[in-house]
Amino acid sequence: YYSALKTMEQLENICFPRVSQYRFCQIMIENLPKLREEIKEISMSDLKDFLESIRKHSDKIGETAMKQAQQQKTFNAALQKQSYGRNMYINNDGVPETRNEMVLKQNLEEEEEHEAEVLTAHDLVDFSPVYRCLHIYSVLADAETFENYYRKQRRKQARLVLQPQSNMHETVEGYRRYFSQIVGFFVVEDHILHVTQGLITRAYTDELWNMALSKIIAVLRTHSSYCTDPDLVLELKNLIVVFADTLQGYGFPVNRLFDLLFEIRDQYNETLLKKWAVLFRDIFEADNYSPIPVSNEEEYKIVISKFPFQDLELDKQCFPKKLPMSQSVPQIYIQVKEFIYASLKFSESLHRSSTEIDDMLRKSTNLLLTRTLSNCLQNLIKKPHIGLTELVQIIINTTHLEQACKYLEDFITNITNISQETVHTARLYGLSTFKDARHAAEGEIYTKLNQKIDEFIQLADYDWSMTEPDGRASGYLMDLINFLRSTFQVFTHLPA
């Protein structure tokens, strides 16, 4: 069309003035505006086809861009983790290299293998209709009309892209498709920004992005609140990080997305707490509330590998022997550590300092101990089937769990490398949790003991009108004494 327009321009400016007296010339001059309009309409039709094409290809473009951003991030992380030691290795050619050189070369070779597969927006979409249409409208001195039309249509498409599916929160694929479409949209706009002059501006893309960002945050805040599965929330977090890193690579500000992740982190912790509440209840239900028997050294080592237990007096005893706590204690301890690991997973890739991550871990662990585990213990103690023997064992168990809190402190310290002596380091409140549970168990023992004594008195058929003793104690009284003797025998196992 450009050559046709240039031909018409030559006819109009050079040829027609020479033959303007002829009627055919006047007819041709009158038809030139119509021909130009037809060319504009044809090029505009091509543009509309282009806009429809990129709407269909946005998710593919976005998926490719996010994949490339993730690969680049993985590659950078691999470089950072390399050891800076100068140990020498011999490569396949017999040439000595440092370990860093070998690892770097392997990574570069892997990148080269995938380089042929790397696609850009230009590879996935034919942008020539935009270039042609813009050029034609520019030649016809009507570029502003084209720019306004393009921007208006793209704004409409942006609103469609930002509208999520109603069931998006149900699967990670729903979120992935949503993010891919948005990334694809802005990758195309970034490409148009850099390959055309004036069609769109940085101010326009920034305005469009700010509008989109507000909508995205509102959508994610709403849909993430429906998630009850911590694994799905974690996958959503990972998708948001990749989404943010991808668009940040194209120059779009994403700080508000990382701020949103802190809101989602709190929700993630809530879903974890609900999941661990079920785990704790199952552990308590399955416990027999009897000391753990160990028949040999191997069994003993298995138990203490799961739970930090030391007792010099018990070590001196011969096998078989019994550990004072019941089976639920090492299981609870293991699950608390698993919770810390699960909580840590969300903190990865959030661009936060070790101090902040340490603070997050300690606060979430405190919630687990003071709310979730505490409630499970309180509910356990109040259960009707829990007798005096079980209550005594619960008191023993909480004593050992309380003593293990310092090892949980060390466990978090080893993960974050933040000393517990740091001024801003939070402390675990497990001590109060287990003390409160012991007090509740002691109160329940007192209540149940009084109830049992009252039952003996009420069931007893005493002869209150007897004038002379018959020389022997009442059978009911002997039963009460035997019950109290066996009960207080159980109490001897209580810690001092």
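Scroll up a little and you will see the structure.
Small disclaimer: the values here were computed from a predicted structure and weren't measured.

How each quantity is defined
- Residues numbered from 1 in each chain as written.
- Predicted model: local features only at pLDDT ≥ 70, side-chain atom pairs only at ≥ 80, totals over all residues.
- Heavy atoms only, no water.
- Helix = DSSP H or I, 4+ residues; strand = E, 2+ residues; numbered from the N terminus.
- Contact = heavy atoms within 4.5 Å.
- Areas by Shrake-Rupley, 256 points an atom, 1.4 Å probe, with all protein chains shown as cover.
- Core = buried A, V, L, I, M, F, W, Y, C linked by side-chain atoms within 4.5 Å.
- Buried < 20%, exposed > 50% of the residue type's maximum accessible area, 1.4 Å probe, protein only.
- Expected span 1.5 Å × (residues − 1).
- Bend = angle between axes of the 7 residues up to and from the residue.
- Phe/Tyr/Trp six-rings, centres within 6.5 Å; stacked < 30°, edge-to-face > 60°.
- Lys NZ or Arg CZ within 6 Å of the ring centre and 35° of its normal.
- Polar contact = N/O pair within 3.5 Å; in protein donor to acceptor, adjacent residues only side chain to side chain.
- Salt bridge = Lys/Arg side-chain N within 4 Å of Asp/Glu carboxyl O.

Participant: Even after reading the chapter, I still don't get the overall build of the chain, so can you show me in this structure?
Facilitator: Within the chain, the regular secondary structure consists of 18 helices and four strands. For the chain, long-range pairs separated by at least 24 residues make up 77% of all intrachain contacts whose partners lie at least 6 apart in sequence. Working note: accessible area of the chain is about 28,000 Å², and carbon and sulfur atoms make up 51% of it.

Participant: In this structure, what is going on with the nonpolar core? I would like to understand it.
Facilitator: Within soluble globular proteins, side chains that are nonpolar generally end up buried alongside one another. Grouped together as the largest cluster of nonpolar side chains are 121 residues, with contacts concentrated most on F179, W209, I216 and F243. Sorting elements by how many residues they give to this core places helix α10 (residues 255-286) first, with 14 residues. Sequence-distant contacts of F243, defined by excluding residues within four places in its chain, comprise M66, F179, I182, V183, W209, I216 and L257.

Participant: Teacher, can you tell me more about helix α14 (residues 354-382) here?
Facilitator: Since the α-helix turns once every 3.6 residues, residues separated by three or four places project in the same direction. Taking 1.5 Å of rise per residue, 29 residues should cover 42 Å, and α14 covers 41 Å from first to last C-alpha, within 8% of that figure. Of all the bends in α14, the largest measures some 35° and sits at S374.

Participant: What am I meant to see in the packing of aromatic side chains here?
Facilitator: Here the distance between the centres and the angle between the planes together describe a pair of aromatic rings. Taken as a whole and judged by the stated rule, the model has 13 aromatic pairs. Centroid distance F127 to Y131: 6.5 Å. Interplanar angle 20°. Geometry classified as stacked. One aromatic cluster is present, formed by F185, F186, W209 and F252 through successive ring pairs. The ring centre of F346 lies 5.9 Å from the NZ or CZ of K237, which sits over that ring. Its guanidinium or amino end placed over the ring of Y300, K321 lies 5.2 Å from that ring's centre, counting from NZ or CZ.

Participant: Sorry, what's going on with helix α9 (residues 230-249) here?
Facilitator: End to end, α9 covers 29 Å across 20 residues, agreeing with the expected 28 Å (1.5 Å per residue, within 8%). Of all 20 residues that make up α9, 15 are buried, and the element is covered over most of its length. The backbone nitrogen of D231 has a side-chain oxygen 3.1 Å away, supplied by the residue at the start of α9, namely D229. Backbone geometry just after α9 places G251 at a positive phi near 90°.

Participant: Looking at this model, I keep getting lost on the pattern of salt bridges. Mind explaining?
Facilitator: Between side chains of opposite charge, a pair can form as their charged atoms come close. In this structure the tally under the stated criterion is 17 salt bridges. Between E263 and R221 there is a salt bridge, with the nearest N and O atoms lying 2.9 Å from each other. Within this pair, whereas E263 is found in helix α10, its partner R221 is found in helix α8 (residues 202-224), the two being separated by 42 residues in sequence. For R221, a relative accessible area of 41% puts it in the partly exposed group. As a salt-bridge pair, R265 and D266 come within 3.1 Å of each other at their nearest N and O atoms. In the salt-bridge network here, residues are joined through shared partners; they are D190, R202 and D206.

Participant: Please explain the side chain of R362 as it appears in this structure.
Facilitator: Within the element layout of this structure, R362 appears in helix α14. In this structure R362 comes out as buried when scored by relative accessible area, which is 0%. A distance of 2.5 Å separates a polar atom in the side chain of R362 from a polar atom in the side chain of E409. Within the local environment of R362, its side chain forms a polar contact with the side chain of T413, the two groups lying 3.1 Å apart.

Participant: Looking at this structure, I do not really get the environment of A143. What am I missing?
Facilitator: With respect to the helices and strands, A143 occurs in helix α6 (residues 143-161). Remark: the alpha-carbon pair of A143 and C133, spanning 10 residues in sequence, is separated by 9.2 Å. Contacts of A143, omitting those with residues within four sequence positions, involve Y137 and S138.

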